[in-house]
Amino acid sequence: MLDRWLRPRRSRAKITVLCLLLTVIVLHGTFTPAKSGSSKENHNHHSYASRKRVEPRRVLEEVQNDAAQSDNNNDKNYAEFDIFKILVDEEDGEKEKPDPDKPYSLGPKISDWDQQRSEWLKNNLNFPNFIGPNKPRVLLVTGSSPKPCENPVGDHYLLKSIKNKIDYCRLHGIEIFYNMALLDAEMAGFWAKLPLIRKLLLSHPEIEFLWWMDSDAMFTDMAYEVPWERYKDFNLVMHGWNEMVYDEKNWIGLNTGSFLLRNCQWSLDLLDAWAPMGPKGKIREEAGKVLTRELKGRPVFEADDQSAMVYLLVKERAKWGEKVYLENAYYLHGYWGILVDRYEEMMENYHPGLGDHRWPLVTHFVGCKPCGKFGDYPVERCLRQMDRAFNFGDNQILQMYGFMHKSLASRRVKTVRNETANPLEVKDELGLLHPAFKAVKVSASS
């Protein structure tokens, strides 16, 4: 503490001494005794003296400027920097406004995608759409705004969320794509996922299933493997209930924050049918009125992708319903409000790998909006519960290496097993270190 108190005073003392020394030099150069000699010699002498007076003055000014800069560190302070100085969007010029009378389209109509994709897979055998028996190649897609969050901690929780998803994907052989680009300005907000999903399906024919997951959802069962065989005859899997959707027409009868979509022509057609309510402005506002009128319990607000999906399935069940699986045997989406306070109970009575209410696969923080200015719930409650959910999932990762969080509310970790000279003999209780599907089959040499 004494050293910290003395350090700035030493710096000021050094500057004072330097200034005093330069002052003496200046005065010495100013006071010049008269000498006999020619006028030319006198002229040369005065020129030299003048230079002597100018040089110390310049050095003194530079020292004073450096001292002023050292006292003003605002330009080095990230906390006080206005980030919007560098977040300047390029001018697009006069952008043509979409015709409100013309139906919105995600892109050129494609009618033979199954044939195109099948041909591609035949010609690219090194990129199979299944990486094992009943193990499809899966791409998990998530993302966030291209700009920083609107609150100081939002980006930290986005980092936690993507770290959590990377962990699950690594363990289960799933590829991951994180998007920060708004591909279509008309489809902002709820709807930004649709143009992205379509682009990825068409760009990656090797992907059998695309798994969309919102940025505010976290994996909380790292051991649970999705029952892919169950969905061999289906193209869209969402958490939901048939009765709530088809009988009650309830707008929360399903959830589109976490769903599986097969890469096929049916899915492209579904995206085309799903998108028209999405363009922002009048179209989305008017569609919101229709959805509020037609769906049970829906508040009045602009059209959202989830309500639009319920509406589409209710109105055109014969066209889409046969290929849609509404899953509720495990938590492809789990509402955080009924789960997070029960984590300690789950840890005491159950184990990872169940995926359901006993140990949920996904905990989704619907309504918390951790990247925005305002949420639908108290900020402190949301952030505390998000920390608990992250640590709940993270414990399953840390335990593989002999650690876990001191508590679900703590960032600190503790050791949970003793080190050994034979680390390869340590039992992998959850089978996550070397799952069977990651084994590489080596063909016998001829």
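Notes on the structure in this doc start here.

### Some thoughts on the packing of helix H8 (residues 282–294) against helix H9 (residues 305–315)
Between H8 and H9, whose axes approach to 10 Å, the crossing angle comes to 60 degrees. By the angle class used here, H8 and H9 are oblique. Considering the relative orientation of H8 and H9, their crossing is left-handed. Counting all contacts with H8, which are made through Val290, Leu291 and Glu294, the residues of H9 involved are Ser307, Ala308, Tyr311 and Lys315. Partitioning the contact of H8 with H9 into residue classes produces 4 nonpolar, 1 polar and 2 charged.

### Let's talk about the sheet that holds strand E5 (residues 209–213)
As summarised here, the arrangement of the 6 strands in space is E4-E3-E5-E8-E7-E9, forming an open sheet in which the pairing is mixed. The sheet is open, and its two borders are formed by strand E4 (175–179) and strand E9 (324–327), each paired with just one other strand. Sheet twist, expressed as the average angle between the axes of neighbouring strands with direction ignored, equals 25 degrees. Sheet topology places strand E7 (residues 236–240) next to E9; 4 bridges connect them, and they run parallel. By the bridge assignment, Met238 is partnered in E9 with Leu326. On top of the sheet, H9 reaches E7, strand E8 (254–262) and E9; it is set at about 70 degrees to E8, its chief contact.

### Details of the pattern of salt bridges
Throughout the structure, instances matching the rule amount to 25 salt bridges. Of the charged contacts in the structure, one is a salt bridge between Glu327 and Arg230, with a shortest N-O distance of 2.8 Å. Highlighted residues: Glu327 in strand E9 and Arg230 in the loop between strand E6 (217–219) and E7, separated in sequence by 97 residues. Judged by relative accessible area, which is 1%, Glu327 ranks as buried. Using a relative accessible area of 35% as the deciding quantity, one classes Arg230 as partly exposed. Residue Glu344 is joined to Arg388 by a salt bridge in which the shortest nitrogen-to-oxygen separation is 2.8 Å.

About the criteria used
Residues numbered from 1 in each chain as written. Predicted model: local features only at pLDDT ≥ 70, side-chain atom pairs only at ≥ 80, totals over all residues. Heavy atoms only, no water. Axes fitted to C-alpha atoms, helices over the stretch in contact; angles between N-to-C directions. Helix = DSSP H or I, 4+ residues; strand = E, 2+ residues; numbered from the N terminus. Parallel < 35°, antiparallel > 145°, perpendicular 65-115°, else oblique. Left-handed = near helix turned anticlockwise from the far one by under 90°. Contact = heavy atoms within 4.5 Å. Nonpolar A, V, L, I, M, F, W, Y, C, P; charged D, E, K, R; others polar. Pairing = 2+ DSSP bridges. Salt bridge = Lys/Arg side-chain N within 4 Å of Asp/Glu carboxyl O. Buried < 20%, exposed > 50% of the residue type's maximum accessible area, 1.4 Å probe, protein only.

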